[in-house]
Structure formats: C-alpha cells, structure tokens
Amino acid sequence: MGNFLENLKKDLENGEFNSEAAKRINDISKLADEKKDAELLIEKRLKEAGVKTVTEEDVVKINSQYEEQLENAKRQDAVNKALATLIEIEDMVKASIDDMFSYVEELEHTFEKEFDSEDPMFGELYQKIEQIKSVYEPTLVPYVRKEV
C-alpha cells in the first residue's frame, strides 16, 4: 500500500496525474509525515528531559513505597506528639515540685523556732514537710531546685 501512495505522489508532482483524489492523497501523506516528525520530536524532547516511561508494575511498586513512607511519617508524627506531650507534662511536674520545695523552705524558715522546740501545734506540719522531702527529694536528684 505504501508504494501505491508513493507512486501516486510522484505522478502528482510530475503533473501526470491531476485529480482531486490525488490531491487529497498528497495532503494525507503530508499530514502523516508531519505527524511522524512531531512524534519523533516529542520522543526526542522527552528523552532529553529525562522522562522515563514506566510500566504498570513500576507504578504499583512506586505507589507502594510512597504509601509505606507516608505510613512511617504518620507513625513518626504520632511518636513526636506523644513525646512533646510527655515533655510538657514533665516540665509542669518539675515546676510544681520546685514550687512545693520553695514553699517547704519558706515554711521551714518561718517556723524554724517552733520546729526546733518541737511545739506540738506544729507537729503535723513538720511531719508533712518531712514526708514530702523523703518522697520527692530522692527521686528528683537531677531535678533538685537550684539555689538562687
């Protein structure tokens, strides 16, 4: 079929065959050549741009890797949120304990004479202060309040 079109094209160019059908065949041939040139140009540009044609299997694999990375990012985000909350709570606990020890020191200073004289009226307060010290000081060695 290709030779037939070529022969018709040659006849038309030589003026040996001049009909509407031959002109249309010639136009179709030109369009086919232009399409082929355009396809080659597109292919060349894609190759130069580094575009890679992938198979459906490649797409499935890449999509699977993406979903795995997305899941890992979600898990890491959950861990980071939990860690941030834990650190925030820890900071609040440290601040509360610091406040409590500051108040304990203030009470010890204010009622020093009463505690030294073992005044029975201050017995429960003295016992509570000692209990707080024994419970919180040993566990808070790294967090002991800094003296100002």
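Residues numbered from 1 in each chain as written. Predicted model: local features only at pLDDT ≥ 70, side-chain atom pairs only at ≥ 80, totals over all residues. Heavy atoms only, no water.

**Student:** Sorry, what's going on with the overall build of the chain here?
**Tutor:** From N to C terminus, the chain includes 5 helices and 0 strands. Listing each helix as α and each strand as β along the chain from the N terminus yields α-α-α-α-α. With 148 residues in all, the chain has 9% of them scored as buried. Within the chain, counting contacts between residues at least 6 apart in sequence, those at least 24 apart form 49% of the total. A total of about 13100 Å² of accessible surface is found on the chain, and carbon and sulfur atoms cover 55% of it. (Helix = DSSP H or I, 4+ residues; strand = E, 2+ residues; numbered from the N terminus. Buried < 20%, exposed > 50% of the residue type's maximum accessible area, 1.4 Å probe, protein only. Contact = heavy atoms within 4.5 Å. Areas by Shrake-Rupley, 256 points an atom, 1.4 Å probe, with all protein chains shown as cover.)

**Student:** Whenever I open this one, the nonpolar core confuses me. Can you help?
**Tutor:** Inside soluble globular proteins, nonpolar side chains tend to come together where they are buried. Among the nonpolar cores identified, the biggest contains 6 residues, and these are Val104, Leu107, Phe115, Phe122, Ile129 and Ile132. Looking at this core, the elements that each hand over two or more residues are α3 (56-110) and α5 (123-136). If we ignore the near neighbours within four places in the chain, the residues touching Leu107 are Glu112, Phe115, Leu125 and Ile129. (Core = buried A, V, L, I, M, F, W, Y, C linked by side-chain atoms within 4.5 Å.)

**Student:** Before we go on, may I ask you to explain the packing of α3 against α5 in this structure?
**Tutor:** Packed helices, taken two at a time, are described by the angle their axes make and the gap between the axes. At a closest axis distance of 11 Å, the pairing of α3 and α5 adopts a crossing angle of 140 degrees. The chirality of how α3 crosses α5 is left-handed. In contact with Ile97, Met100, Phe101, Val104, Leu107 and Glu108 of α3, α5 contributes Leu125, Ile129, Glu130, Ile132, Lys133 and Tyr136. By residue class, the composition of the contact of α3 with α5 is 9 nonpolar, no polar and 3 charged. (Axes fitted to C-alpha atoms, helices over the stretch in contact; angles between N-to-C directions. Left-handed = near helix turned anticlockwise from the far one by under 90°. Nonpolar A, V, L, I, M, F, W, Y, C, P; charged D, E, K, R; others polar.)

**Student:** How should the environment of Ser29 be read in this particular structure?
**Tutor:** In this fold, Ser29 is placed in helix α2 (residues 20-49). In this structure, the C-alpha to C-alpha distance between Ser29 and Glu6, residues 23 residues apart in sequence, is 8.8 Å.

**Student:** Mind showing me how you'd approach a negative patch on the surface here?
**Tutor:** Side chains of Glu6, Glu13, Asp33, Glu34 and Asp37 sit close together on the surface and give a patch of like negative charge. A per-element tally of the negative patch places α2 first, with 3 residues. By secondary structure assignment, the location of Asp33 is in helix α2. In this structure Asp33 comes out as partly exposed when scored by relative accessible area, which is 38%. (Patch = residues over 30% accessible without salt bridge, like charges linked within 9 Å, V, L, I, M, F, W, Y side chains within 5 Å. Salt bridge = Lys/Arg side-chain N within 4 Å of Asp/Glu carboxyl O. Lys, Arg positive; Asp, Glu negative; His and termini not counted. Charge placed at Lys NZ, Arg CZ, Asp CG, Glu CD.)

By themselves, these figures tell us nothing about what the structure is for.
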